[in-house]
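Remarks on the overall topology
Chain by chain, the residues run as shown.
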There are 2 protein chains.
Amino acid sequence: MANGAHALIQTLVNAGVDTCFTNPGTSEMHFVAALDDADMRGVLSDGYARMADKPAATLLHLGCGLGNALANLHNARKARVPMVNIIGDHATYHTQYDAQLQSDIETVAKNISKWIKTTPKTSQLAADAAEAVAVAKGPPAQIATLILPADVSWNDGAEPAQAHVPAQPPPASDATVRALADVIKKSGKKVAFLLGNRVLREPGLRAASQIAEKSGAKLFCEVFPTRLERGEGLPSVERIAYLAELASVQLDGYDHLILVDAKAPVSFFAYPGKKSYLVPDDCTAHALVQPHEDALASLRNLVEAVGASDTTPNLQSAARPALPKGKLNASKACQAIGALLPPNAIISDEAQTSGIKLPAFTAGAPRHDVLTLTGGAIGQGLPVALGAATACPDRPVLALVGDGSAMYTVQALWTIAREGLNVTTVIFNNRSYGILNIELERVGAEKIGPEAKAQLDLSEPAIDFVSIAQGMGVPARRVARAEDFSAALKDAFASRGPFLIDAIVPSEYEGLKLKALPHMLSALGSVPSPVAKAIKKKIAP
Amino acid sequence: MANGAHALIQTLVNAGVDTCFTNPGTSEMHFVAALDDADMRGVLSDGYARMADKPAATLLHLGCGLGNALANLHNARKARVPMVNIIGDHATYHTQYDAQLQSDIETVAKNISKWIKTTPKTSQLAADAAEAVAVAKGPPAQIATLILPADVSWNDGAEPAQAHVPAQPPPASDATVRALADVIKKSGKKVAFLLGNRVLREPGLRAASQIAEKSGAKLFCEVFPTRLERGEGLPSVERIAYLAELASVQLDGYDHLILVDAKAPVSFFAYPGKKSYLVPDDCTAHALVQPHEDALASLRNLVEAVGASDTTPNLQSAARPALPKGKLNASKACQAIGALLPPNAIISDEAQTSGIKLPAFTAGAPRHDVLTLTGGAIGQGLPVALGAATACPDRPVLALVGDGSAMYTVQALWTIAREGLNVTTVIFNNRSYGILNIELERVGAEKIGPEAKAQLDLSEPAIDFVSIAQGMGVPARRVARAEDFSAALKDAFASRGPFLIDAIVPSEYEGLKLKALPHMLSALGSVPSPVAKAIKKKIAP
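Let me sum up the structure you'll find in this document. (Residues numbered from 1 in each chain as written. Chains lettered and ligands numbered in written order. Predicted model: local features only at pLDDT ≥ 70, side-chain atom pairs only at ≥ 80, totals over all residues. Heavy atoms only, no water.)

**Some words on the overall build of chain A**
- In terms of helices and strands, chain A carries 22 helices and 20 strands.
- Looking at the 541 residues of chain A, the share that counts as buried comes to 64%.
- Put simply, chain A shows about 18,600 Å² of open surface, and 51% of that area lies on carbon and sulfur atoms. (Helix = DSSP H or I, 4+ residues; strand = E, 2+ residues; numbered from the N terminus. Buried < 20%, exposed > 50% of the residue type's maximum accessible area, 1.4 Å probe, protein only. Areas by Shrake-Rupley, 256 points an atom, 1.4 Å probe, with all protein chains shown as cover.)

In C-alpha cells:
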C-alpha cells in the first residue's frame, strides 16, 4: 500500500503520462515529495500535448494557481488537446474554515474542463486518476481536472491503477461519406474544404490534396490551427485570414464548404454592421465528422468514394526567399526566417501583426510544424514553445512573439533556461499593441484621443527584452538591421539551447486607416491582388 | 444621448470611481476610446482601494483577461475591499458562434464576486454601473463585476446615471455590546481581542488600546491584515503568526477571544495530525460586529460600556534599530528598513520567509501603513504597491517581495516605470521558494529527493532582478552587504520614482528541521523565549 500521492503518480505513469508541469504550493507537497519515487519528469510550466499527441499533467495550487493558468488552459481547450490537471486543495476537513486560499475550484475549472472530479478518499484516488487520463485522451481529446485534497494525498491506503484500454473512434457513417462524395463530384471547383485539428498532419493533408487534385476543390485550413504540418514535400493549404474582411473574400464563390474536424468560420470578434458568420449566404456547410469520430479514417474513406485513391497529391516544392537587407522590419524578419529555417523545426507563432508575411515566406522551407494561438488568449507563444521543446527535445523550436504578447508570460524564459530547452525566441518589438491599433478603428471607435492611444502604446518606457532575457538566464541580442537579424538567427540555430533575438521593427500599422488595409496586404504579398481589389470594393466602396 | 461606453464612464466618475486599471482587448475598444472624454485616469494594472477607501475600476478582456487577474482578485476579495470589474464580452449576437475567445465569464467571476451582472442593452448600462459601484462600496465592501457586451458598449441610447446615496451601516446591538463589556469587566487579563480590517486604522486601534489599558485585555491583529496603521504614536498590536504552531501558543491561556471585524483564526493550511481551528478548546470566541455593521462605531460603544472613555491609549514611542553591518541577510535588511523608513510610508509586504523580523524592527519607526497578502495567492506585492502608489502619489511606497513571489507579476515593474510611481522595491533574493522548503517538511513529507527539491529551487539559473528591472525601465542595484543595502535604500528614498534593490540573502531555512524552528525564531527575536520554549514542548517533545 502507498500513500495517495505515490499511487497517483504511478497511475499516471502507467497511463503514459510521464511529464508534469508543476507550480506547487503547500497543498501539493506530498505530490512533489513523491516525484522522486517514480520515473516522472518535473518541470515548472504548457504546449506539450500538441507535439507529443498524449497528455501531460499539470500540478497547480488551489483555485488561484488554476486562475494563473486559466488563459492558457482556455487556449488548450480551444486547441482540443488532451491534458490532465491535478489541482491541490485544502484537506477535506479544512475547507469548513474558509482559510485564506479557500476558493471554489470546481467552479473555476468548469470554464476549461467538462470532466471535473474531487477525489473524496485515498482509496479512490488511483481509479480517478486513471479515469482522468482516459477522458483526456478521448476521443474527443479534452482537459480533465482532478482536484486532490491534501489529506487524500498524504493518507495511506492506495494502490496504483492500470491505464484504461483506449477507445477506438468510429469513422463517419457511409451515408455521410457517400453524400459528400456526390457533392464533390457534382460541384467540383465550387467546393471548398476547411481542414482542422487532426487532419492538418501529413496523412490528412495528403488525403485532402488527393481529393482536391481529382475534383478541383479548394483546400483551406482553419484560422488558428492547433498544429499544422507544412513546407517542402507536403501539400500546401491556405489559412483562413484573421480579419473577417479578408476571410469573407476567401470564401466567396463557393457553393459548398466541407468541414473536416473544423468549425464553420466565424469572425474573431463582432464589429458594428459586419457579419459574424463568415460562410457566404449561398454556400452550404457540411460536416464530414463529429468530434468523437475518426477524422483521418473518414477523410480517407472520402478519398476512395470520390475515386481519388490513385491521384497524386500536390506537394510543395522547395523554395527559399533571398536574405533581406537594410533596416529591419517585420516582413524582412519573416523573409529571413523563410531563408534560414532549419529542417524539422517547430514554430510557435504568436507574432500577431508582425507575422502576416510568415506563411508566404516559409511555404517552401524545409518541413516544419506551426502551432498557433487557438483560443485567442495572448501570452501563449512562449509557454507553447516550452511545452513543444519538452515533448521534442531533438527538434529546433522557434517562438515568434509580439512584444505585447511576450510580456504576459515572460517568466517562461526562466523555465526555458532552467530546462536548457532548444528554443530560439524572436520578439517582434514594435513597442505597441499593434493589433489593437487596428481593432480600435475596426470597431468604429471615433475620435481616438491621447489617453486611449496611451493604453495601446508600449514605448514609454521601451522594453529591453535583451536585459529581461539575460536576467532570466537566456542569452540574447538586439538587432535593428536585416543582416544582423539573419546573423543572430544563424547563430541561434547553430547551437543548442535557448537564445532570444530582440528584433526592433516599426509598427506595421502606424497610423493605419482600415480602408488602406487591402492595398497594404496586397503590397506585402499576403493576398493576390484581385482579392485585395475585391476586399477594397467590399469594405471601402 | 451617448453611446454605452461614454455613459458608463461618466456614471463611474459620478460615483467617485475615477481610476481604472486597464488591460483591454478588442471587445473593450469603445470603452478605451471613451476614456478621453471623461476625467478618468487610465493605467495598465490592483491595491488602490486599500489606500483610497473607495473602489477603482478594472477593465478586463473577456474570461481570459479575468483569468489572468483571478489570483489577485481573490486576494482583493479576501481583503474585503471595494472594487468594480468591467469585463468586455463579445457582442450579444456573436456569442452563439463560440468564437475563439468565447468562455463562460459569469462562472469564472463567481469565484471572486457575488454581484455579477451582464448588461443586456445599452439603455440599462448606466443604471447597472451605478448599482455596481453602490454594491462595491457596501457595507460590506466587496467586488462587483459588470460584464459589458461589445454592442451594448458601442450602441447609442444611454444617459449617465447619478451615484446612489451611500448606505449608513448600523452599529452592533446594545445587547451585544453590553454582553461583551460584562465579559471584559469580569475576565480582564483572560480576554484577548482579535482586530481586523476596518479597526486597524488609528481610530480603531486607539479605541481598542483604551479598552486594553482599562481592563488588561490583550490586543492581537489578524495574520494578514488588509491595511494596518502602525509605528510611532500609534497603539501597537501583535500579529497572529502565520505558522499555526506559533499562533496556537500566542492564543494559549485566554478564556475569551473577542473578534472585531476579524474571523476566528485558523491554520493557513491543514497539516497531518495538527489542528486547523486555532482558538483553544477552553476559549470562547465572540463576534462584536457582523460584516454589514459599523465596526468602528461598535468598538467605540464598547469603550464607553467598559468605562474606558477617559483612559489614555498606550502609544508606541519612537525607536529605531542601529544600521546593520557585514554580509547581508534577511534579518539585517529588515533592520536597515527599520532604521531608514521615511515618515508616512506604505509597505506592501510579500517578503515571505525573509520578512519575519520586519514587525519587530519597524515597530517604533515613523508612522506607516502595512498591506499584506490577504488571500495567500502570491504575486500580490508588486501590484498592491502599484495600486497604493496610484492612490497616494505623495507617499513613499516600499514593496518587499520574495524572489519566488516577484516572478508571478514581475510585469508590474513596467507599469510602475510607465506611471513614474514612487515605489522602492526590495527583492529578497534567496534563490528558492523558501517557504515551501518548510512546508515540505511541515506536511510530513518524508524522504525528500533531488527532483522534489528542484521544484523549490530558483538558483538554476539565478535570476538577475537588476537586469529584469532595467529591461522594464526601473533603475536597479544589486547588494550583498548590509552597508550597501542601507546606502541603496537611502538613495531610493531620497528621490522620487521607481527603484529596485536586488538584495542577495541566504535562505533563512536552508536545511531547516521543523523542531529547530522555535529556537531559531527565538534567536531572531520574533517571539519571546518563554513562548519558544512552550512551542518546543508542544511540537517537538
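**A look at the pattern of salt bridges**
Residue and element names in this part refer to chain A.
- In this structure the tally under the stated criterion is 40 salt bridges over all chains.
- For the salt bridge of Arg367 with Glu202, the shortest nitrogen-to-oxygen distance reads 2.8 Å. In this pair, Arg367 is assigned in the loop between helix H13 (358-362) and strand E16 (368-372) and Glu202 in helix H9 (residues 202-215), connecting sequence segments 165 residues apart.
- On the accessibility criterion, Arg367 (32% relative accessible area) is partly exposed.
- A residue is classified by how much of its surface remains accessible, and Glu202, at 22% relative accessible area, is partly exposed.
- Taken together, the salt bridges that share partners define one network made up of Asp53, Arg201, Glu202, Arg206, Arg227, Glu229, Arg367, Asp369 and Arg395. (Salt bridge = Lys/Arg side-chain N within 4 Å of Asp/Glu carboxyl O.)

**Concerning the nonpolar core**
- Grouped together as the largest cluster of nonpolar side chains are 86 residues, with contacts concentrated most on Leu66 and Leu257 of chain A together with Leu66 and Leu257 of chain B.
- Each residue touching Leu66 of chain B, except ones within four places of it in the same chain, is listed here: Leu60, His61, Leu73, Ile87, Ile105, Val108, Ala109 and Ile112 of chain B.
- Counting 72 residues, the second largest nonpolar core, distinct from the first, contains Cys392, Val397, Val401 and Ile427 of chain B. (Core = buried A, V, L, I, M, F, W, Y, C linked by side-chain atoms within 4.5 Å. Contact = heavy atoms within 4.5 Å.)

**Some details on helix H12 (residues 330-340) of chain A**
All names here are of chain A.
- A large share of H12 lies buried, amounting to 10 of its 11 residues.
- Where H12 is concerned, the buried positions are Ala330, Ser331, Ala333, Cys334, Gln335, Ala336, Ile337, Gly338, Ala339 and Leu340.
- Looking at where H12 begins, the residue whose side-chain oxygen comes 3.2 Å from the main-chain nitrogen of Ser331 is Asn329. (Polar contact = N/O pair within 3.5 Å; in protein donor to acceptor, adjacent residues only side chain to side chain.)

**Considering the pairing of strand E9 (residues 191-195) of chain A**
All names here are of chain A.
- Among the five residues of E9, five are classified as buried, and the element is accordingly described as predominantly covered.
- A two-sided burial pattern is seen for E9, the buried positions comprising Val191, Phe193 and Leu195 on one face and Ala192 and Leu194 on the other.
- Where E9 and strand E13 (residues 256-260) come together, five bridges link them in parallel fashion. Bridging from a neighbouring strand, Leu194 pairs with Leu259 of E13.
- Two strands pair when backbone bridges link them, and E9 and strand E10 (residues 218-221) are joined in this way by four bridges, in the parallel orientation. Across the sheet, the residue bridging to Leu195 is Cys221, located in E10. (Pairing = 2+ DSSP bridges.)

**Observations regarding the environment of Pro225 of chain A**
All names here are of chain A.
- Within the secondary structure, Pro225 is located in the loop between E10 and strand E11 (228-230).
- The spatial distance from the C-alpha of Pro225 to the C-alpha of Lys332 is 24 Å, given a sequence separation of 107 residues.
- Discounting residues that sit within four places of it in the chain, Pro225 has contacts with Arg50, Leu200, Arg239, Leu371, Thr372 and Thr374.

**What about the packing of aromatic side chains?**
- In this structure the tally under the stated criterion is 12 aromatic pairs over all chains.
- Here the aromatic rings of Tyr97 of chain A and Tyr277 of chain B are separated by 5.8 Å at their centres, their planes lie at 20 degrees, and the arrangement is stacked. Of the two residues, Tyr97 of chain A is situated in the loop between strand E5 (83-89) and helix H5 (105-109) and Tyr277 of chain B in the loop between strand E13 (256-260) and strand E14 (284-287); the pairing between them involves two chains.
- Centroid distance Phe220 of chain A to Tyr254 of chain A: 6.0 Å. Interplanar angle 85 degrees. Geometry classified as edge-to-face. One end of the pair, Phe220 of chain A, is in strand E10; the other, Tyr254 of chain A, is in the loop between helix H10 (244-250) and E13, and 34 residues separate them in sequence. Comparing Phe220 of chain A with Tyr254 of chain A, the two get one shared label, buried.
- These aromatic residues form a ring-pair network of at least three members: Phe224, Tyr242, Phe268 and Phe269 of chain A. (Phe/Tyr/Trp six-rings, centres within 6.5 Å; stacked < 30°, edge-to-face > 60°.)

**Comments concerning unusual backbone geometry**
Residue and element names in this part refer to chain A.
- For the peptide bond that leads from Gly138 to Pro139, omega is 10 degrees, which places it in the cis range.
- Mapping Pro139 onto the fold places it in the loop between helix H6 (125-137) and strand E7 (143-149).
- Look at the link from Pro139 to Pro140: it is a cis peptide, with omega at -5 degrees.
- Summarising the element assignment, Pro140 is placed in the loop between H6 and E7.

**Re the environment of Leu398 of chain A**
All names here are of chain A.
- Along the chain, Leu398 falls in strand E17 (residues 397-402).
- Remark: the alpha-carbon pair of Leu398 and Phe499, spanning 101 residues in sequence, is separated by 9.7 Å.
- Non-local contacts of Leu398, meaning those with residues more than four positions away in its chain, are made with Ile337, Leu341, Ile346, Ile347, Ser348, Thr424, Val426, Leu489 and Phe493.

**Structural notes on the sheet that holds E11 of chain A**
Residues and elements named next belong to chain A.
- Spatial strand order, E11-E16-E15-E17-E18-E20-E19: seven strands in an open sheet with mixed pairing. Edge positions in the open sheet fall to E11 and strand E19 (476-479), since each of these has one partner strand only. The average angle at which neighbouring strand axes cross in this sheet is 20 degrees, direction not considered.
- Both E17 and strand E18 (residues 423-429) contribute to a ladder of six bridges, which runs parallel. Bridge pairing in E18 links Leu400 to Val426. (Axes fitted to C-alpha atoms, helices over the stretch in contact; angles between N-to-C directions.)

**Examining the pairing of strand E20 (residues 499-504) of chain B**
All names here are of chain B.
- With five of six residues buried, E20 lies mostly within the body of the structure.
- Inspection of the sheet shows strand E18 (residues 423-429) paired to E20 by six bridges, in the parallel sense. Counted as the bridge partner of Val426 is Ile501 from E20.
- Pairing between strand E19 (residues 476-479) and E20: four bridges, direction parallel. Considered in E20, the bridge of Val479 is made with Ala503.
- Handedness of the β-α-β unit built from E19, helix H20 (residues 482-494) and E20 comes out right-handed. (Right-handed = clockwise from strand over helix to strand, strands pointing away.)

**Topic: the side chain of Ser113 of chain A**
Residue and element names in this part refer to chain A.
- By the element assignment, Ser113 lies in the loop between H5 and strand E6 (115-118).
- For Ser113, the side chain forms a polar contact with the side chain of Thr145, separated by 3.0 Å.
- Discounting residues that sit within four places of it in the chain, Ser113 has contacts with Ile143, Ala144 and Thr145.

**A short note on the packing of helix H8 (residues 174-187) of chain B against helix H11 (residues 295-305) of chain B**
Residues and elements named next belong to chain B.
- At a minimum axis distance of 9 Å, the contact between H8 and H11 shows a crossing angle of 50 degrees. Comparing their axes, H11 and H8 come out oblique. Crossing angle aside, the handedness with which H8 passes H11 is right-handed. Between H8 and H11, the residues in contact are Val177, Leu180, Ala181, Ile184 and Lys185 and Ser298, Asn301, Leu302 and Ala305, respectively.
- Grouping the amino acids of the contact of H8 with H11 by side-chain chemistry returns six nonpolar, two polar and one charged. (Parallel < 35°, antiparallel > 145°, perpendicular 65-115°, else oblique. Left-handed = near helix turned anticlockwise from the far one by under 90°. Nonpolar A, V, L, I, M, F, W, Y, C, P; charged D, E, K, R; others polar.)

**Some words on the sheet that holds strand E12 (residues 238-239) of chain B**
- Ordered by their spatial adjacency, five strands build an open sheet running E12-E10-E9-E13-E14 (chain B), and the pairing between neighbours is parallel. The strands lining the two open edges of the sheet, one partner per strand, are E12 and E14 of chain B.

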